[in-house]
Every structure is written in C-alpha cells, then in structure tokens.
Amino acid sequence: DAGVTQSPTHLIKTRGQQVTLRCSPKSGHDTVSWYQQALGQGPQFIFQYYEEEERQRGNFPDRFSGHQFPNYSSELNVNALLLGDSALYLCASSYGTHSNQPQHFGDGTRLSIL
Amino acid sequence: DQQVKQNSPSLSVQEGRISILNCDYTNSMFDYFLWYKKYPAEGPTFLISISSIKDKNEDGRFTVFLNKSAKHLSLHIVPSQPGDSAVYFCAASAETNNLFFGTGTRLTVIP
C-alpha cells in the first residue's frame, strides 16, 4: 500500500522562475494539503484541496496556486520565485477534511532558489 | 503569530527512562491535537492524537496528556528507545484538519 509520494525530491531554480511540484495521495485518501517548511521551523499550511477545489488557504500570496485532479493527485505551482521560497514542500493526504482525520505526509520536495 | 509553541528545542534522555515533550497553544478553538515524529530526509510520521474532549490518550509506549485550562499538552514516551531519536512536532487543528505546527523538539535517546 503506497503512501504519499512526491516528485521531484530535489529542485534548483533561479529567482523569477516558475515551479510545479507533484503529489499522489495515499490510497483511499481524497484530500490533499500542502505545507512549506523553512529550515528550523515547523511546517506551515499553504492550502488544501478536496473535490478538486481549494477549500482552505493559509497566509500565502497568490503566487502559490494549486490543482487537484479527478484521481485526487495534486500539483503545487509557485510563480515568480523569490529567494525566500527556498524550503521543503510537504504534501499531506487524508480521508476527508475533518479535524479527526490525521494527515499523512510524503517525504517532501526540497526547493532551492539561487 | 505562533499559535503552537514548543519551547524546548532539544531533549536528551537515557535509554529506558521516560521522555516528556511539551507543547503550549494559544487558540482556544483548537479541537484536535497531534504529535508527529520526523527523521532526517523523511516526511513527518503521525504518532498519536487527542481530541479536546479528552485529557489522556495512550498507544503502547506513547501517551499524550491534554490540560485545556492551561492550554498545554505533553507527550510521554516510556520506556525511551534509541530508535525514538527524532524531531517531534506538536500540531493542532480547529474543525478542519489543517494543521498548525510547533517548531519541533529534537529528542536524543542515549544508549
């Protein structure tokens, strides 16, 4: 039973470029959330997708956008990359959006901006 | 504004002894609290959770205690094992399962 899978594992971009990160949820899960983890910090919620719609959003600018596909997989897009976007990007999946449904995380994509 | 705080960046414990990791929160709307464990180069792994209507939840060697009046929760690991060495994150959610995380505590269990 595959868990949450993310691709790529590492990525290097330059300022101003655009990036797309991908996530496949754990089997049986229909909800995908994205988090940004800066060095030495805890993960910060970016947004959550359920039924192919963005349901919740954290305090991130609209340079951060996403998509969920009919097979529940998801993409995170970041435009006009800044040096401060360098971080570990984590995808998490769950069955539904209620707080009693724990999220299960992938191993993340390490994004470095030069 | 950090709504979930872990004030101890690190903790060292002898193998076989108890590890106690602490967490404080400020938002009284939080209704679920979770602990995650993270090894290097891996994503956080769900460990244990507790609903705000309970004050204790136990799963094997792991017990989480919740004190709502103090807005404080703790994770007890007994007995501690070297494989428990990792970074532990406290997290909380309100109605939906979007998580607010603390900054983590690095636990080192000394053989």
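Each remark here, short or long, concerns the structure printed above.
Attention in this report is confined to the structure presented alongside it.

Parameters at a glance
Residues numbered from 1 in each chain as written. Chains lettered and ligands numbered in written order. Predicted model: local features only at pLDDT ≥ 70, side-chain atom pairs only at ≥ 80, totals over all residues. Heavy atoms only, no water. Contact = heavy atoms within 4.5 Å. Buried area = accessible area lost by both parts, 1.4 Å probe. Salt bridge = Lys/Arg side-chain N within 4 Å of Asp/Glu carboxyl O. Polar contact = N/O pair within 3.5 Å; in protein donor to acceptor, adjacent residues only side chain to side chain. Nonpolar A, V, L, I, M, F, W, Y, C, P; charged D, E, K, R; others polar. Helix = DSSP H or I, 4+ residues; strand = E, 2+ residues; numbered from the N terminus. Buried < 20%, exposed > 50% of the residue type's maximum accessible area, 1.4 Å probe, protein only.

**As for the interface of chain A and chain B**
The interface of chain A with chain B comprises 24 residues on the first partner and 20 residues on the second. Summing the contributions of chain A and of chain B, the shared interface buries around 1,700 Å²; its carbon and sulfur component is 54%. Taken as a group, Pro43(A), Ser99(A) and Phe105(A) account for 30% of the area that chain A buries against chain B, more than any other trio of residues on that side. Applying the counting rule to chain A against chain B returns 0 salt bridges. At the boundary of chain A and chain B, one finds 13 residue pairs in polar contact (both at pLDDT 80 or more). When grouped by side-chain class, the residues that make up the side of chain A that touches chain B number 7 nonpolar, 16 polar and 1 charged.

**Some thoughts on unusual backbone geometry**
The step from Ser7(A) to Pro8(A) runs through a cis peptide bond, and the omega angle for that step is -10°. Tracing the sequence through the fold places Pro8(A) in the loop between strand 1 (5–7) and strand 2 (10–13). Across the junction of Val78(B) and Pro79(B), the peptide omega takes the value -10°, indicating a cis bond. Phi at Ala41(B) takes a positive value of approximately 65°, unusual for a residue other than glycine.

**A word on the environment of Leu83(A)**
Residue and element names in this part refer to chain A. For Leu 83, the location among the structural elements is in the loop between strand 8 (74–78) and strand 9 (87–94). Judged by its relative accessible area of 47%, Leu 83 is partly exposed. As for Leu 83 and Phe 45, which are separated by 38 residues in sequence, their C-alpha atoms are 19 Å apart. Excluding its chain neighbours within four sequence positions, the residues that come into contact with Leu 83 are Arg 15, Ile 113 and Leu 114.

**Notes on the pattern of salt bridges**
Inspection of every chain in the model, using the stated rule, returns 6 salt bridges over all chains. With a closest N to O distance of 3.4 Å, Glu75(A) and Arg22(A) form a salt bridge. Highlighted residues: Glu75(A) in strand 8 and Arg22(A) in strand 3 (residues 19–24), separated in sequence by 53 residues. A salt bridge links Arg61(B) to Asp84(B); the nearest nitrogen and oxygen atoms lie 2.8 Å apart. Separated by 23 residues along the polypeptide, Arg61(B) in the loop between strand 6 (56–59) and strand 7 (62–67) and Asp84(B) in the loop between strand 8 (72–77) and strand 9 (86–93) bring together distant segments of the chain.

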